[in-house]
Amino acid sequence: TVYCKGSGAEVSQCELGQIVEAQLAQRRSGCPVFLYLAARGGMDGEEAVLLTREHGQRLFAQLWTAGRIGFEFIRLDALPEFAVRFPVSEEETDSWIFASLRYVGLDQVVPSLCPEVTSAPLITRKGLELVQRLALSDVESRFAAAVNGTESVQSVSKRVGISVEEGMSILFRFAALGIMDYRDWE
């Protein structure tokens, strides 16, 4: 049911029996609720794909709040049967992961992974290449361009015209993917 949280408007168009059936099918086969409903005419297929992506990212975002963990993606030779009739995403894994980080609030992050106002962000070697491939928002792009390795996140945020909290959130997202690192000034 966590998967459907926040989707009341879309899912309410379906009968309750279909929703329960879809949740049970997800537990058994791994078929996302929205794709299951779309395959049975309970919702539009395009909408189901978008909702599956969004809610998958919301669930994945919870991993970022658990502290340092390791995970990996597995490339399948063939799509599961339930996914065959839906379009395959051309999105790179790093972009999908980065998008999941946008669902993480700083209040959810383990304190040891949360940057401080005085933290000085700097772009890593990996970050120089990766930041150019990701689909960044305008604010994220401006923040990345403003980072010089000597100014605090507070100073960078002020120059970019965003709140310090937003700057710290952006820095957290960049640091989680290894795009940026930061050092704390005492």
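Preceding this paragraph is the structure being described.
Residues numbered from 1 in each chain as written. Predicted model: local features only at pLDDT ≥ 70, side-chain atom pairs only at ≥ 80, totals over all residues. Heavy atoms only, no water.

Q: Residues and numbers for the overall build of the chain, please.
A: The number of helices and strands found in the chain is nine helices and two strands. Sorting the 186 residues of the chain into buried and exposed places 40% on the buried side. Residue pairs in contact within the chain that sit at least 24 positions apart in sequence constitute 71% of those at least 6 positions apart. Carbon together with sulfur atoms contributes 52% to the accessible area of the chain, which is approximately 11000 Å² in total. Of the side chains in the chain, 18 bear a positive and 25 a negative charge, and the two mean positions are spaced by 2 Å. (Helix = DSSP H or I, 4+ residues; strand = E, 2+ residues; numbered from the N terminus. Buried < 20%, exposed > 50% of the residue type's maximum accessible area, 1.4 Å probe, protein only. Contact = heavy atoms within 4.5 Å. Areas by Shrake-Rupley, 256 points an atom, 1.4 Å probe, with all protein chains shown as cover. Lys, Arg positive; Asp, Glu negative; His and termini not counted. Charge placed at Lys NZ, Arg CZ, Asp CG, Glu CD.)

Q: Which residues make up the packing of aromatic side chains, and what values go with them?
A: Applying the stated criterion across every chain yields a total of three aromatic pairs. Judged by centre distance (6.2 Å) and plane angle (80°), the rings of phenylalanine 60 and tryptophan 64 are edge-to-face. For the pair shown, phenylalanine 60 and tryptophan 64 are each scored as buried. Ring geometry for phenylalanine 60 against tryptophan 96: centres 5.2 Å apart, planes inclined by 70°, an arrangement best described as edge-to-face. Of this pair, phenylalanine 60 sits in helix α4 (residues 45–61) while tryptophan 96 sits in helix α5 (residues 93–101); the two residues are 36 residues apart in sequence, bridging distant segments of the chain. You can call phenylalanine 60 buried: its relative accessible area is 13%. In textbook terms, an aromatic cluster arises when at least three aromatic residues are bridged by ring pairs, as seen for Phe60, Trp64 and Trp96. (Phe/Tyr/Trp six-rings, centres within 6.5 Å; stacked < 30°, edge-to-face > 60°.)

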